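Remarks on the overall topology
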Amino acid sequence: MNANSKRSINLLCGMAAFLLCAPLLAQPLTVKVGVVLPFSGPGGDTVEREEQAMRLYMKLHGKELGGTRIELIKRDSKEPSGATTRELVRELIFRDNVDILLAGQFSPDAIAAAPVVTQAKKLLILVNAQASFITNLSPYIVRVSAASWQIAYPMGRYAIEKPGCKKTVVGYIDYAPGRDVLAAFKSGYEKAGGTLADAIPMGGPTGVPDFTPYLRRIRDQSPDCMYIFTPGGPFTLALARTYHELRMAETGVKFLGTGDATQDSILAQYGEQALGWMSGGQYTADLDTPENKKFVAAWQAEYGKDSVPDYFTVHGYDAMAAVFHVVKTLNGKIDADKAVAALKGWKHNSPRGPIWIDPATRDVVQNIYVQKVVKMNGRYGIEVLDTIPAVRDPCKELAIGQCATAASKTK
Amino acid sequence: MERSERGADTSGVSAAERFLKGRDGLRAIEALPWLAAIAFPIAFPDCALLGTHVLIMMLFALSLDVIVGYAGIVTLGHAAYFGVGAYTAGLVSARLGWSEPISGLLAAGIAAGAFGLVTGSVLLRYQHLALIMLTLVLSTMVFELANAWADLTGGWDGLMGIQLGPLLGLFEWDLRGLTSYGYALTVLMASFWWLRFLSASPFMQGLRGIRENRARMRAIGTPITFHLLIAFTLSATLAGVAGALFAQANAFITIEVLGFERSAAVLTMLLLGGVGRLYGALAGALVFIVAADWLAKMSPIYWEFGVGLLLVLVVLLYPNGLLGAIERVRAQCRRRSA
Amino acid sequence: MALSIFFDGIAYAMILFVLAVGLSITMGLMGVINLAHGAFAMAGGYLAVVLINRLAVPFVPALLLAVALVAVLSVPFERMLYAAIYGRGELDQVLMTIGLTLMSMAVATYLFGPGPVTLKLPGALDGTVPAFGREFPSYRAFIVGVGAAVFAALWFSFERTVLGAKIRAAVDNRAMAEAAGINTARLFTLTFALGCGLAALGGALAVNVVGLTPRFAIQYLVVVLAVVAVGGLGTIGGTMAAALVIGVADVAARYFFPGASAFLIYAPLLLVMLLRPRGLLGKV
């Protein structure tokens, strides 16, 4: 679908535009990028930072595009039902003639949009959605964020190999992403020769629970380590509070978690309660690389000294970097097949380190950093203990469950 | 049943006569919204998706009107029936591989209706706060059950693999949603006109009577619980059909279809339009969704405020909803000109 | 082990009690289904956060101040909005209070952002207290103390003061109470302010247990309403009994059977509500 017209005639709800949108004026070329994210959802602040990161990338790198201009069209997908995202994606494709879509904060949003982009032949870059099998659902989906298996599986192996977690208990919020993390960590842990002592579902994602009974259950089993997954924000903050109240740090049970537990933007609110927490994640603002330092400096120059980017922010930033790569490669004339081809094997020096898109799975390959919450220079920050380099999505490598079968299920 | 009808029907004319004449009589102006609905996708084919969404919620609100508006039962858990319908239609296709849409729709209506019959036979013994609480807890339980049973329902990640054959073997499900729009409109029209016909019937008159004065209706021999149960089952069936339309039009659902937010939203739509007048459900769904869409585009973070304010204002100033307000204005004009 | 869980359950129950008892009293007295109760609790939480974190008010005075402010703030709401829906049907009440809740969430998002906030505890409440040969978090012990104090104060003022007698009279039969010369309008305003103040206290106490976001206004609505319904409207003892049963059972279930779905936790609740629609200790 050609959408290079300088201005679509948007009368009659775009009816005319759909039929007549031949390139009326060819320059400057405008590439329309639809951004469908849950701005008004519970994680609205996180989502807003993703969009800010996209705009920051555009500001810093805008000149590289020459005459081509990128226009962001922002839509609010509200609740994670999938239905709203699907409706908005269809609307953006047919009414607004977007060329590229950035969407999928939550997995259901991406899953619901997959058949639409397949049928309409549009590139969809996943901004966050971490269910592994999503990239199997459409040849036009590319993931620059992360898959939950990519994060939890290597940590399962690492837990046994480095900190020596002989006895480990997993705690997770009981919904699809949590169960994914459990399965991945368990798989990695068992590959390395361990057996999980216990796996504790800690309630659903609709309300933050009182974590006391769960943490007590962990403590009473006196394991070496616990591995925890909860969504970031209100959950981890309440968890840190209860963890401190029960003096869990003094029991000698090591805390390991996903990157959500050590999200950079929340460390100041934890205070000393979460000191010593370890996590495996794809990014921390304290990463000591020139690329990251440049990024953090630019971020704080734009959005204030107190604003700290976190992994969501970098997902948004890299999603826009991928858009730029596509626009540059195709000289602004976006064709979904060529765009996907351009992204396959794309190598990029991201703030989170070197990333590249695996041409076989269209999934990002990236480092996983083992992080620890420490106090440094009078503030709370992250020390990187270890780097697990160039991790591919293990779910697809091992062909587990839906990662193997999802492709055949949906056309 | 027989007795109750006679009990409620004081005038002695048949339902068909009442439908054509009298208080609930048919008026020419009633063709207008339907003509508009048919013309809409022709004028704005790119808005068919939003239109389909509106039609589905109209049907859902309509189903709620049967029990809230006519029988005076307030529930905070109507999404349970919407969700049972949605999952029936979805599972029939995704798990059993049955792709014919209309039979899926009927199956969903039957499943939701059966669920309504079973739950209603218990719930309807209660009133007021107890009933509201029970519906809230019951729907929360259904939601949690769907989350626990994620192998079947897909849980938060959603039910994938809903695939539908062409409608009536003729119409493919196009991406722009014209087929879904026509499908949803047909189902809505059929349901609406059935209810519209029923609204003149002794049965619905009886429901109104129960809402106005239970004791008196009991005194004249209406089997109240039975009467309410029929209405509740009818309402659950229609809610299930709306859910099925939702599942089929989107070819995807998550357990969000069972959530409290949906129950609250549909109640809001109904109140907004006006309770107990069928057209209120249609107007309310339209205004709510369009307003939410508009507010969300203007300032996505704070669209909640606008919807909340609208609710408070409607309750305080226009307790009969938008249609009630319009009627009031019209009555005043008439009085003045007379 | 069992003792610790019992203690945790009691602490959780006390939060539920403080959150629910105000609602039980106002609903019992005025017959208004007030789904915006959580919004007042949220307001109390945010006020406490502002007072403590930004204005450096000490913890306990800040708590009392937040309660007083929300109670005062609730008066115009009662006079201007709630008074209009006293005689109305449940539908209007449900919807207006849902509307208020939505507005309060939007305002909270505007003022504080959608993210979570915490408040700093004084050192004495951040430690542990020894009892029965083990250590308990002192903040939870504080919550238990506050819950017990609220219960005692409410019970005393309801059973032993003139105001309490008036409220009980109005709950039982409003028309008769009015005929006996009780100014029920003023009584309603006072009681509503009391109920909202209690909500604010519950909200402020809960900040350090489950955190605080704008969604607080609806997140715990179901469980709080369940406590009210199981306890029976307008009964302080019933609300306490229901809070204890639900709180302790909930914590114990989460400890011993974390794998059991929330579905199973709601099932006995539903059963109680079916068998005792007027609450455990309610009048049948």
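In case you missed it, the structure is sitting above this.
This write-up is about the structure you can find in this document. (Residues numbered from 1 in each chain as written. Chains lettered and ligands numbered in written order. Predicted model: local features only at pLDDT ≥ 70, side-chain atom pairs only at ≥ 80, totals over all residues.)

1. Considerations on the overall build of chain A
- Summing up its helical and strand segments, chain A has 14 helices and 14 strands in all.
- Taking 2.2 N^0.38 as the reference for a compact globule, 411 residues should give roughly 22 Å; the C-alpha atoms of chain A span a radius of gyration of 21 Å, in line with that estimate.
- Over its C-alpha atoms, taken along the principal directions, chain A stretches across nearly 70 × 50 × 35 Å.
- Burial analysis of chain A (411 residues in total) assigns 61% to the buried set.
- Across chain A, every contact between residues at least 6 apart in sequence was considered, and the portion connecting residues at least 24 apart equals 69%. (Helix = DSSP H or I, 4+ residues; strand = E, 2+ residues; numbered from the N terminus. Rg over C-alpha atoms; globule rule 2.2 N^0.38 Å. Buried ≥ 20, exposed ≤ 12 C-beta atoms within 10 Å, placed from the backbone. Contact = placed C-beta atoms within 7 Å.)

2. As for the sheet that holds strand E3 (residues 100-103) of chain A
All names here are of chain A.
- Overall, parallel pairing links the five strands, which are arranged E2-E1-E3-E4-E5 in an open sheet. Unpaired on one side and paired on the other, strand E2 (69-76) and strand E5 (141-143) mark the two borders of the sheet. Direction aside, neighbouring strands of the sheet carry axes that sit 25° apart on average.
- Its contacts with the sheet put helix H2 (residues 44-61) on strand E1 (30-37) and E2, and the angle it makes with E1 is roughly 165°. (Pairing = 2+ DSSP bridges. Axes fitted to C-alpha atoms, helices over the stretch in contact; angles between N-to-C directions.)

3. Side note on the pairing of strand E4 (residues 123-126) of chain A
All names here are of chain A.
- The alternating pattern of E4 places Leu123 and Ile125 and Leu124 and Leu126 on opposite faces, both of which are buried.
- As paired strands, E3 and E4 are joined by four bridges and run parallel to one another. Residue pairing in the sheet places Leu102 in a bridge with Ile125 of E4.
- Once the chain exits E3 it traverses helix H4 (residues 107-120) before rejoining the sheet at E4, and the crossover so formed is right-handed. (Right-handed = clockwise from strand over helix to strand, strands pointing away.)

4. Some points on helix H3 (residues 83-94) of chain A
Residue and element names in this part refer to chain A.
- Helix length check: H3, at twelve residues, gives a terminal C-alpha distance of 17 Å against a target of 16 Å (1.5 Å per residue), a fit within 8%.
- Across the twelve residues of H3, twelve count as buried, placing the element largely inside the fold.
- The complete set of buried residues in H3 reads Ala83, Thr84, Thr85, Arg86, Glu87, Leu88, Val89, Arg90, Glu91, Leu92, Ile93 and Phe94. (Expected span 1.5 Å × (residues − 1).)

5. Quick look at the environment of Ala247(B)
All names here are of chain B.
- Tracing the backbone through its elements, the reader meets Ala247 in helix H12 (residues 224-250).
- It is 17 Å that separates the C-alpha atoms of Ala247 and Ala61, two residues lying 186 residues apart in sequence.
- If near-sequence neighbours (up to four positions away) are discounted, Ala247 is found in contact with Ala86, Ala89, Gly90, Ile162 and Ile253.

6. Overview of the interface of chain B and chain C
- Counting residues at the interface gives 36 residues for chain B and 36 residues for chain C.
- When contributions to the side of chain B that touches chain C are tallied by element, the ones reaching two or more residues are helix H7 (128-148), helix H13 (260-273) and helix H15 (303-317) of chain B.
- Take the side of chain B that touches chain C: its biggest share by element is 14 residues, from H7(B).
- The residue makeup of the side of chain B that touches chain C, split by class, is 30 nonpolar, four polar and two charged. (Nonpolar A, V, L, I, M, F, W, Y, C, P; charged D, E, K, R; others polar.)

Such coordinate-based values are descriptive only and should not be taken to indicate function.
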